[in-house]
Amino acid sequence: MVAQLFPEVFQALHAFCEASGTFVDPKISAFDRQVEFYLAFLEYIAPLRRDGLDFCYPEMLSGGKDISSAGGFDLALAQKLHSEKAVVITNDFHLKGPERIIVVTGPNQGGKTTFARAFGQMHYLASLGCPVPGKSARLLLFDRLFSHFEKEEDTRSLHGKLEDDLLRIHDILGQATPDSIVIMNEIFTSTTLHDALFLGRKVMEELSGLDLLAVCVTFVDELSKLNEKTVSMVSTVDPKVPARRTFKIVRRPADGLSHAMAIARQHRLTYEELKHRLAS
């Protein structure tokens, strides 16, 4: 009844409600949601900082590709080791000039895959504006990040393991640009060394041609010497006890050592020891 007595006033009120129904600025609304993620991330890494692990805000590159990291580590593994009261091993890397692809070789269980994961994590977290693991870092502001890690064979696809690898790599190469990052972990393990070398070279040549940044974990040492764009990094072992992994990844030529004999001796599985044990 009052609205009928004072139509002009209530029409103005109705118009105000219509015009101001979304009075919260979209940027403020987006910030309200996104700041929850950043606060949660800071809370997530706080225990690691208290343990003495370093985090930093990296310098982001949109032009050059001279990237680097000092004291970086895998965030997920660090959380696991923190709960187990274990030590976190950090690693460094850098690329300069024409260098674009880090080829990581060395013995199994030596930290190669962890290094590759950490490389991708740092770039992804940096793209979100988060602090990244490490004392300092200079990273690429990429357009897309691609990864190729081994996955369980799907019998429903009717593809063999090698065919699946090739299809996934082909898809990545078809979408990648010079501003992309590609991380490959132990590709072509289902084929012979000769074929793995042939296919690996073809893939690496395509990556080099795109001039993008990449990390390639492989058992094929020859790929680390492909051209001036490839850099060799090797997972190291304790020189006194070769069966013991240090989990340090250092920049040096691939040595072709898997240290299988040292592991066999540690578990008394050498040919001579097996002969003696079976005879007795």
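What you see is a predicted model; the values in this text were computed from it and never measured. (Residues numbered from 1 in each chain as written. Predicted model: local features only at pLDDT ≥ 70, side-chain atom pairs only at ≥ 80, totals over all residues. Heavy atoms only, no water.)

Student: How should the overall build of the chain be read in this particular structure?
Tutor: Within the chain one finds nine helices and 12 strands. Whereas a compact globule of 280 residues would reach a radius of gyration of roughly 19 Å, the chain reaches 26 Å, over 25% beyond that. For the chain, the C-alpha atoms occupy an extent of roughly 110 × 45 × 45 Å along the three principal directions. Sequence separation of at least 24 residues holds for 67% of the intrachain contacts in the chain that already meet a minimum separation of 6. For the chain, the computed accessible surface area is about 16,700 Å², with 57% contributed by carbon and sulfur atoms. (Helix = DSSP H or I, 4+ residues; strand = E, 2+ residues; numbered from the N terminus. Rg over C-alpha atoms; globule rule 2.2 N^0.38 Å. Contact = heavy atoms within 4.5 Å. Areas by Shrake-Rupley, 256 points an atom, 1.4 Å probe, with all protein chains shown as cover.)

Student: Hey, could you run me through the packing of helix α4 (residues 75-83) against helix α5 (residues 112-127) in this one?
Tutor: Two quantities define a packed helix pair, namely the angle between the helix axes and the distance between the axes. Two elements in contact, α4 and α5, have axes separated by 8 Å at closest approach and are oriented at 110°. Judged by the inter-axis angle, α4 sits roughly perpendicular to α5. Contacts between α4 and α5 pair Leu75, Ala76 and Leu77 from the former with Thr114, Arg117, Gln121 and Leu125 from the latter. (Axes fitted to C-alpha atoms, helices over the stretch in contact; angles between N-to-C directions. Parallel < 35°, antiparallel > 145°, perpendicular 65-115°, else oblique.)

Student: How should the sheet that holds strand β2 (residues 59-61) be read in this particular structure?
Tutor: Strands belonging to one sheet form pairs held by backbone hydrogen bonds; the direction of such a pair is parallel or antiparallel. Strand order across the open sheet formed by four strands is β2-β7-β3-β4, with mixed pairing between neighbours. Edge positions in the open sheet fall to β2 and β4 (91-94), since each of these has one partner strand only. Along the sheet, successive strands turn relative to each other by an average axial angle of 20°, direction set aside. Along the sheet, α5 makes contact with β2, β3 (68-72), β4 and β7 (136-140), crossing β4 at roughly 70°. (Pairing = 2+ DSSP bridges.)

Student: Before we go on, may I ask you to explain helix α6 (residues 161-175) in this structure?
Tutor: Because an α-helix completes one turn every 3.6 residues, residues spaced three or four positions apart along the sequence face the same direction. Helix length check: α6, at 15 residues, gives a terminal C-alpha distance of 22 Å against a target of 21 Å (1.5 Å per residue), a fit within 8%. Within the sequence span of α6, burial applies to Lys161, Asp164, Asp165, Arg168, Ile169 and Ile172. The buried side chains of α6 occupy one side of the element, clustering within an arc of 125° when seen end-on. Seen from the buried face of α6, the exposed residues on the opposite side, beyond 90 degrees, are His170 and Gly174. Buried residues along α6 sit in contact with β8 (145-148), β9 (181-185) and α7 (193-210). (Expected span 1.5 Å × (residues − 1). Buried < 20%, exposed > 50% of the residue type's maximum accessible area, 1.4 Å probe, protein only. Arc of directions from axis to C-beta.)

Student: What am I meant to see in the sheet that holds β9 here?
Tutor: Strands sit in the order β8-β9-β10-β5-β11-β12 across an open sheet of six strands; the sheet is mixed. Every other strand in the sheet has two partners, leaving β8 and β12 (245-251) as the edge strands with one partner each. This sheet shows a mean twist of 15° between the axes of neighbouring strands, independent of strand direction. Pairing between β9 and strand β10 (residues 213-217): five bridges, direction parallel. Within β10, the residue paired with Met184 across the bridge is Cys216.

Student: What should I look at first to understand the pairing of β4 in this one?
Tutor: Along a regular strand, successive side chains alternate from one face of the sheet to the other. Residue alternation in β4 divides its side chains into a buried set, Asn91 and Phe93, and an unburied set, Asp92 and His94. Of the pairings in the sheet, the one linking β3 to β4 comprises three bridges and is antiparallel in character. By the bridge assignment for β4, Ser68 is matched with His94.

Student: Would you mind going over the environment of Ser147 with me for this structure?
Tutor: Inspection of the secondary structure assignment puts Ser147 in strand β8. Distance in space between the C-alpha atoms of Ser147 and Val215 is 9.4 Å, their sequence separation being 68 residues. Excluding its chain neighbours within four sequence positions, the residues that come into contact with Ser147 are Ile172 and Ile183.

Student: What is the right way to read the nonpolar core from this model?
Tutor: Nonpolar side chains in soluble globular proteins tend to end up buried together. Ile67, Leu75, Phe93, Ile102, Phe119 and Val132 are the most contacted members of the largest nonpolar core, which totals 38 residues. Top contributing element to this core by residue count: α5, with seven residues. Contact partners of Ile102, with chain neighbours within four places excluded, come to Phe93, Leu95, Phe115, Phe119, Ala214, Val215, Cys216, Val231 and Met233. Judged by nonpolar contacts, the second largest core, of 21 residues, contains Ala196, Leu197, Leu212 and Cys216. (Core = buried A, V, L, I, M, F, W, Y, C linked by side-chain atoms within 4.5 Å.)

Student: What is the right way to look at the pattern of salt bridges in this model?
Tutor: Oppositely charged side chains are able to pair whenever their charged atoms sit close together. Counted under the stated rule, the structure contains 11 salt bridges. With a shortest N-O distance of 2.9 Å, Lys80 and Glu84 are connected by a salt bridge. Take Glu84: its relative accessible area is 45%, and that puts it in the partly exposed class. The network of salt bridges with common partners includes Lys65, Arg100, Asp211 and Lys229. (Salt bridge = Lys/Arg side-chain N within 4 Å of Asp/Glu carboxyl O.)

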